[in-house]
Structure formats: C-alpha cells, structure tokens
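Working through the structure, step by step
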Amino acid sequence: MIGKPVEDQDRMAASPPAGPAARILGLALVLLSLAWLTELHRFADLVLFTEQPLALAAGLSMAIAASMLFVPGSYRRTAGTLAGFVLLGLMAFVAWDYPQLSIIASMRPAWLVALSVVVLVGMLALTGRVVGLTIMIVVCLFIGAALIGPWIGLPTIAPDRLAIYLLLDPNGLLGLPLRVALEIVIPFVFFGELLRRTGGGEYMTGLALSGFGRYRGGSAKAAVGASALFGTISGNAVSNVAGTGVVTIPLMKRTGLKPETAGAIEATASTGGQLMPPVMGSAAFIMADMLRVPYAEIMVAALIPALLYYAAIFVQIDRIAARSGIMGLPAADVRRFRAVFLSGAHFLVPFAALFLAFLAFQTRPQIAALMAIGVLVMVTALRAYAGQRISVRALIEAAIETGVQSAPLILITAAAGLLMGLISLTGLGFSLAADAMSVSGGNRFFLLAITAVIAIVFGMGMPTVAVYIMLATVLAPALVDAGVAELPAHLFILYFGMLSMVTPPVALASITAAKIAGADMWRTSWAAVKLAWVAYIVPFLFIYSPALLLRGNWLEVLLAVVTAFVGTAAVSMAIIGYAARPIGIFERVLFALFGIMLMIPPGTDIVTIIVNLIGGGGLLVLLLASRAQRGAASAPSTSLNKEEIA
C-alpha cells in the first residue's frame, strides 16, 4: 500500500508484527532522516561527515530487522533483538568516532578489522533473511572474487584492507545508495504514509472508480487508473498491488473477468509504479546521482514510456471487455466524478507543490519531498476527508510505520553499496564490460539483448535497485561505448530490472495479485507478461530514437509520440484478437506488423518515414474493413428485428 518503501518488501510484509523495540527504532530512523535533511546539527554547531548519519541509519535498520525475525514472545525473538542492538551499538560507535576511524583505517588495527567483519557478516545475514538469499549470495561471490583476485586475473587485495574498505569507505556500505535511501526515499515513503493515513489512498481509488467505473470494462480500467495514481508517489509494485488490489480485483471478478486476468491486470498496472513520475523508486534517484543530472530530467524522460505502458494495458482491457461483453459497474455503485473529485481536491495541493518544486524550481528531490510533506500536513489539518484528519498521533504512527517498513530498504541499499565498492575496487566492471562487448561482437542490438536478459534474470531474485546498480556499474559503460547515450542506457537497464516483477518464475507482483484473486500463479504471471508486452519493446525503441524520451525538436518528438501510441494500440488489438470485431490469425498478424511499423520512431531517415507511412496506411485499411464488416454483420439482425416488431 502507499507509504511502504519503494522496493520489494514482500518478505518484510510477511514478517511477524513489529514490537515496541522495532517501533521506537523505526521512529528514530525517520527522525534521523528528517533531522539530517533539515540540518539540525548546524544549530548545535556540529560538523558531521555524511557517513556518520549513514552509519547510524544502517545500525538502526539492522536492529529493526533483527528484532522482527521471529515470533513475539519466543526466546529467539529476544536473542535476535539483542543481536540487533549489538550491531546498532557497533554502528553507533562508527558514527560517533568516524572522523578518527577514517584516519586510523590505513593502519588496519586488528580490533577495527574485527569490528568490520562482525558488522558486514551481520548485515549480510540479515539481508539474506529479510530481503532474500540472492542478493546476499551475489555480494558474497564478489567478496570471494576480491579475496582470490590473483588467481582470476584481478588485483591483490588484503583481507583486512577489504573488510575496513567495505565498512568505512564512501564507496562501500556507507555509499551513494544508502545516502539516497536516507535522504530521499525515506521522506517520500513518509509522505506516502501520511497521505494514506489522511485518506489519500481511498481518494485515489474512488477517483479512478468514478472516472472509469461506468464504462465498458470499468472495474479493470479503474484498477489501472488507481494504480497509475498510486504510482505517482510509490514505486513499489507489491505495495501497489496490496493497496489497490484488495478493492479492484474483487470488483473485476464480480463484473465477469477471470481471476487470473483480474490478477494480471492489477499486477501489471501496479508494476508501472516504478516507471511513473514523479516518484519512480529509489533506483531512479540513484540514477540521477550516478549521471549527475537533475532528477527532473529523468522524470521527464520517463514520462512517455510510462504512458505507453499504461496505454497498452488500457487498450487490451477495453478489447477484452468488448470481446467478452463485460459492461461497466451499475450506475448505483459509481459516485459522480465531480463529487468525488471535489471531496478530496485538497490532496492535489501537495502534488502541485511536488511538481512545481521539481519542474519549475529544479529543487533537489529531498527538498521537494519535505515541501510536499509540509503542504500535506497543512491542507489535511485544515480539511478532513471521510472523517480522517491529520493529528499528532497520525504523524507519529506514520513515522513509526515508515521507519519499520524502510529497514529492509536500508539493508538493500547497503548491500548495493557493497556491490558498487567491490566492482570499483577489483576492476570487475571494466573486465565484465569488455567481455560483454566481446560476446556481442560489438553489435549494439545483441549487446542490448544480452543486457536485457541479464537484467531480467538477476531481477528474479534481487530488488530492482540492486539489479540497477550492479548492471549500471558493469554494463552501462559497455552500452555507452557501443554508442548509446548515458540516460537511455541507464533507463534501459532500469526497465528490464523492473520487469522481473511480472516475469515468471519469480514474479512478486503477479504472485501477490494471484493470492488476492484466488488464481493460479503461473496463469496470472503469463497473462501479466502479455499485458506488459510494450515494456519489453519500448526500451529498444528509445535507445535508437531519443525522441520517445522527449529529446529532439518538437516536430520529431510529436511524430514519434503519436505514431508510438497508435502503434501500441494496434499491437494490443492484435494480442487480444479484437478490433471493431473479432479478428482472425491473419488479421492479427497484419495488425501487429503495421503496429510495430508505426512504433518505429520516424526521425529524419527516409526509410523510417516510408515504414511509418506503410504502417499507418495499412492499419487504416484494416480498421475501416473491420468496421465495415461489423456493420454488415449487424445489418441482417437489425432488419429482422424490425420485421418482427412490424
């Protein structure tokens, strides 16, 4: 649901409930994030290294995760909590004495090596238990490669140096990913949690239902609309499914959709949250820092691909509904859009502030988040929604929930920082990039295909942020060397890392939706892959034509966007097998062919322009023929009805 971290927290959601210790530590974690962002330490004339709050945040997160591993009241829960507090104590010491530790690190004292090993082992063990074994195993494999470097052609790295480097160096555990989580992600999660506790989640679902509910396939279209709205502030597919699916999936089933179809619609629509601006997930914030570009630039570039993704889902839903005769919800069950819109219109004010901060003032994401939080608190204090108004208790509970649910994210980003440090220290990035270029033979398309497959495979067991960091560090340089611009290359990796959410066998969003729908996981996952087809193609298109990322002159961008949307609609009709009427296999092939021809961005090349014209002309002929045949098929029945009436 809204307010949970913007990565895969499905495991944490299934963990035992947070006890008093976890709740107190969760509150402390959020207060630490807000205090650091508002620079409260300056009022006390304190000068802090960035790594000091990062170390404390890592320690708090390890203690939270450790205290929630086992069933409340068991001796194992007590032991886990004590172990967590030991790790917190060690990291608090690192935070307190970091300036001195960074000086003596070069001397590698035995006690500092031991401290580093204990913290790293504890952190990796908790990551494996809370997040999943895959990311822990990958980090351990990279550590193993660093330790046996000379035997595999890598530099010699002493074990004691490696341990201290991974713990204390700004390129290790206390690196960029952890900083993004503390400074950016936690404030946005807090914003989402506040929005949920003041009725914002209910408002978004109600807005989507009132907007789409009364039309053909209305319940399914409402699910897409609600998930797209949720996606503007949450990049967590599993949380989006849980938040909207409990309402929309039963509605879809009630109106006649198969359980697996209802689950697939919700899973694909919710997965798009990682693509939908303004909040695209922690990987996008890390991307902005890695590329040293304003986050607004990434947000703008991702807009059209995200809209294409939702357009493809929307068209397929409409054609499924037309084919199956699924109508909208009864008018009595759908409130008037105007009434719903006005009842929670105050929720739009913090979103307006967010967009204004990003686009008009080019504000840093963390400052934009603080502005949005402040505006949300003010408007919800002045106006209630469905009896829900902000209060001191709601603020505290939102902060506690944010901290508890953010702990796994901190562990993920800490592990991702270890990956970045290991790749940098060992030089593996350069060697693996060279190997990828060699395997692809220097062919850009083959290199893109290899990258896509690797991203999906790694994404099956690792959170999107970890997949993105690893591949952005290893394969993005190879893509750039092959002639791909930096931003499209990084977005390409992000897209395919995200697609593991719906791609079998490990499709967390599909599995969550299937549980809610009471459907088979495999059928739901494959149905989701079909609905999300455009996400497997569009990344290749924007690599070859940046116009889809809103780069280029306005005419080129306009033509690329229009043809892409029309082509997406055509291919979606071919997949479902229904245009203005049911279409056979031959027509479906033609619809798909002409649609793909239109999706190729026009540009200035005469060949692509001709391809677009052929695709557009062929599609127009097919649509006119389909409509004419539908009219001819309905004419006899109309005549017969008139004769019967007479």
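Use the structure listed above.
Overview of the structure. Here the structure is a predicted model, which means the values were calculated and not measured. (Residues numbered from 1 in each chain as written. Predicted model: local features only at pLDDT ≥ 70, side-chain atom pairs only at ≥ 80, totals over all residues. Heavy atoms only, no water.)

1. Brief notes about helix α21 (residues 428-440)
In a regular helix each residue adds 1.5 Å, so 13 residues correspond to 18 Å; α21 covers 18 Å between its end C-alpha atoms and thus fits that length. Within α21, burial applies to Leu428, Gly429, Ala433, Ala436 and Ser440. Buried residues of α21, seen end-on, are gathered within an arc of 125° and therefore sit on one face of the element. Away from its buried face, by an angle of more than 90 degrees, α21 presents the exposed residues Phe430 and Ser438. Residues of α21 that are buried sit in contact with α8 (133-147), α20 (392-426), α22 (444-459), α23 (464-474) and α24 (476-481). One or two residues past the end of α21 sits Gly441, with phi positive at roughly 70°. (Helix = DSSP H or I, 4+ residues; strand = E, 2+ residues; numbered from the N terminus. Expected span 1.5 Å × (residues − 1). Buried < 20%, exposed > 50% of the residue type's maximum accessible area, 1.4 Å probe, protein only. Arc of directions from axis to C-beta. Contact = heavy atoms within 4.5 Å.)

2. Thoughts on the nonpolar core
Core analysis: the biggest nonpolar cluster contains 214 residues, and Met62, Met91, Leu168, Leu173, Ile265, Tyr468 and Phe542 have the highest contact counts within it. It is α20 that provides the largest number of residues to this core, a total of 19 residues. For Leu173, the residues in contact, after removing those within four places along its chain, are Ala58, Met91, Leu120, Met123, Leu166, Leu167, Leu178, Ala414, Gly417 and Leu418. Among the nonpolar cores identified, the runner-up in size contains 11 residues, and Ala579, Met597, Leu619 and Leu622 belong to it. (Core = buried A, V, L, I, M, F, W, Y, C linked by side-chain atoms within 4.5 Å.)

3. Focus on a nonpolar patch on the surface
Judged by side-chain polarity, Val300, Leu303, Leu307, Phe355, Leu359 and Leu550 come together as a nonpolar surface patch covering roughly 420 Å² of accessible area. At the level of secondary structure, the elements contributing two or more residues to the nonpolar patch comprise α16 (295-324) and α18 (348-360). With three residues, the single largest contributor to the nonpolar patch is α16. You can see Leu303 is positioned in helix α16. Overall, the relative accessible area of 33% leaves Leu303 in the partly exposed class. (Patch = residues over 30% accessible without salt bridge, like charges linked within 9 Å, V, L, I, M, F, W, Y side chains within 5 Å. Areas by Shrake-Rupley, 256 points an atom, 1.4 Å probe, with all protein chains shown as cover. Salt bridge = Lys/Arg side-chain N within 4 Å of Asp/Glu carboxyl O.)

4. Re the side chain of Ser67
Checked against the element boundaries, Ser67 lands in helix α4 (residues 51-67). With a relative accessible area of 3%, Ser67 lands in the buried category. Ignoring anything within four residues of it in the chain, the contact list for Ser67 reads Ala22, Arg77, Gly80 and Thr81.

5. Notes on the pattern of salt bridges
Under the criterion given, the structure shown has 12 salt bridges. In this structure, the salt-bridge partner of Arg23 is Glu397, at a minimum N-O distance of 2.9 Å. With Arg23 in helix α2 (residues 20-37) and Glu397 in helix α20, this residue pair connects regions lying 374 residues apart in the sequence. For Arg23, a relative accessible area of 31% corresponds to the partly exposed category. For the salt bridge of Arg551 with Glu297, the shortest nitrogen-to-oxygen distance reads 3.0 Å. Taken together, the residues Arg551 in the loop between α28 (533-544) and α29 (554-576) and Glu297 in helix α16 connect sequence positions 254 residues apart. Using a relative accessible area of 33% as the deciding quantity, one classes Glu297 as partly exposed. Among the charged side chains, a salt-bridge network with shared partners connects Arg216, Lys221, Asp318 and Arg319.

6. What about unusual backbone geometry?
Its identity is not glycine, yet Arg108 carries a phi of approximately 50°, on the positive side. Relative to the helices and strands, Arg108 is located in the loop between α6 (98-104) and α7 (110-130). With phi around 60°, Leu550 is a residue other than glycine that occupies positive phi space. As for its position among the elements, Leu550 is in the loop between α28 and α29.

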